Amino acid sequence: MIREPGVAVTIKDVARLAGVSASSVCRALADPDRVRPETRDRVQTAARQLGYHPNRVARSLITGRTANIGVVLPDLGNPFFPTVVKAIQTQARRGDYAVLLTDTDEDPAVEVPAIRALAMQVDGFLLCSPRAADDELRAVAEKPMVVLNRRISPFPSVTADNSGGMRQAVGHLHALGHRTISYVAGPRTSWSNRDRLRGLRAATSALGMTLIEIGNVAPTVAGGAAAADLVAAAPVTAVLAYNDLVALGLVQRFQARGIAVPGQLSVVGFDDILVAALVGPPLTTVAIGKEQIGRVGVDLLLALMAAPGTAGLARAGSERAGSERAGSERAGSGQAGRARRVVPTQLIVRGSTGPVAR
């Protein structure tokens, strides 16, 4: 079939070449499982030959789906999240989904309105490190949801091995001779902060070390700087920070006060953001597979959206809170609602940690 330059290809053109009706073309491209395999193959071959690309808006009217994923995160200015979002976008694109993004500025009160605002424009949500209460998020879950960096039943989740990372960091400091250390905690509403602190307490207790907890602080460089004087006043030789930004704030303030890092105080971060390797001294930190978190999160969400009966899953689960906590929640006929994926962590030793001064 020869077409004049500049003339748009239509569904009727595809139907004519494939020898089927226009409605069959719509079904074959929008919902291929509803047509016979031979029809689907003819339509898809004809569409490729003609260079036809279905209109997303028109397709959503047929299927009731938007082909969009909503991503809600607390702070795009935190270098941790852009890496995760980039991986989400790449993986979503492979599944023929676009990504709609909203930043809540670390304000839990913004999250629920943000989810409601996006709900009609997306087929499902990825909630990155959400700060709102569990029940609030369950109540607003009219679309399938997957949670990253937090666990909320009955949602599938992808988290880092925070306990394993803290165990590695504490073992490293213990081997360097440190016996009394501090932890500068992140936001009180952060699940990752609570999970890291649990792992840290267990690791220091197992090695007979003393842990002094400081904070909570904002997960920023300024938050770390604000806690630095409290750390310096404590009888510790090393400090672990909630994340790399807090750790960098600690180092900056220590250096401004003439406190040598690592000569007088060793510093360990968490996340391994890009700048951690570029500062002086380079930051010892616990690396998280940020790209893996994004990719796995998309895969779980696509599987959940494909399962029958997932819309409204969390609302129904909230009404059955007792059975939910007992592990009886379901996502359609599959296991997506109970899926928990844990991404490994790895200690990266750099210049901000050293032996205890003798």
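Up top is the structure.
Residues numbered from 1 in each chain as written. Predicted model: local features only at pLDDT ≥ 70, side-chain atom pairs only at ≥ 80, totals over all residues. Heavy atoms only, no water.

1. Things to note about the sheet that holds strand β11 (residues 340-343)
Thought 1: Taken together, six strands build an open sheet; the order of strands is β2-β1-β3-β4-β5-β11 and the sheet is parallel. In the strand order of this sheet, the two ends are held by β2 (98-103) and β11, each with one partner. Pairwise comparison of adjacent strand axes, ignoring direction, gives a mean angle of 15° for this sheet.
Thought 2: Looking at chain direction, strand β5 (residues 157-160) and β11 are connected through four bridges and run parallel. Looking at β11, one finds that Ala 160 is bridged to Val 343.
Thought 3: The strands that helix α12 (residues 290-306) touches are β1 (68-73), β3 (124-128), β4 (145-148), β5 and β11; relative to β4, the one it contacts most, it runs at about 165°. (Pairing = 2+ DSSP bridges. Helix = DSSP H or I, 4+ residues; strand = E, 2+ residues; numbered from the N terminus. Axes fitted to C-alpha atoms, helices over the stretch in contact; angles between N-to-C directions. Contact = heavy atoms within 4.5 Å.)

2. Notes on the packing of helix α10 (residues 221-233) against helix α11 (residues 244-256)
Thought 1: At a closest axis distance of 7 Å, the pairing of α10 and α11 adopts a crossing angle of 55°. With respect to α11, the axis of α10 lies oblique. In the packing of α10 onto α11, the handedness of the crossing is right-handed. Each of Val 221, Gly 224, Ala 225, Ala 227, Ala 228, Asp 229, Val 231 and Ala 232 in α10 lies in contact with α11, whose residues at this interface are Leu 245, Val 246, Leu 248, Gly 249, Leu 250, Gln 252, Arg 253 and Phe 254.
Thought 2: Per-class residue counts for the contact of α10 with α11 are eleven nonpolar, three polar and two charged. (Parallel < 35°, antiparallel > 145°, perpendicular 65-115°, else oblique. Left-handed = near helix turned anticlockwise from the far one by under 90°. Nonpolar A, V, L, I, M, F, W, Y, C, P; charged D, E, K, R; others polar.)

3. Structural notes on the environment of Phe 254
Thought 1: Its location among the elements puts Phe 254 in helix α11.
Thought 2: Along the sequence, Phe 254 and Val 231 sit 23 residues apart, while their C-alpha atoms lie 9.5 Å from each other.
Thought 3: Not counting residues within four places of it along the chain, the set of residues in contact with Phe 254 comprises Ala 228, Val 231, Ala 232, Val 239, Ile 259, Val 261, Leu 265 and Val 267.

All we've got here are geometric facts, nothing functional implied.
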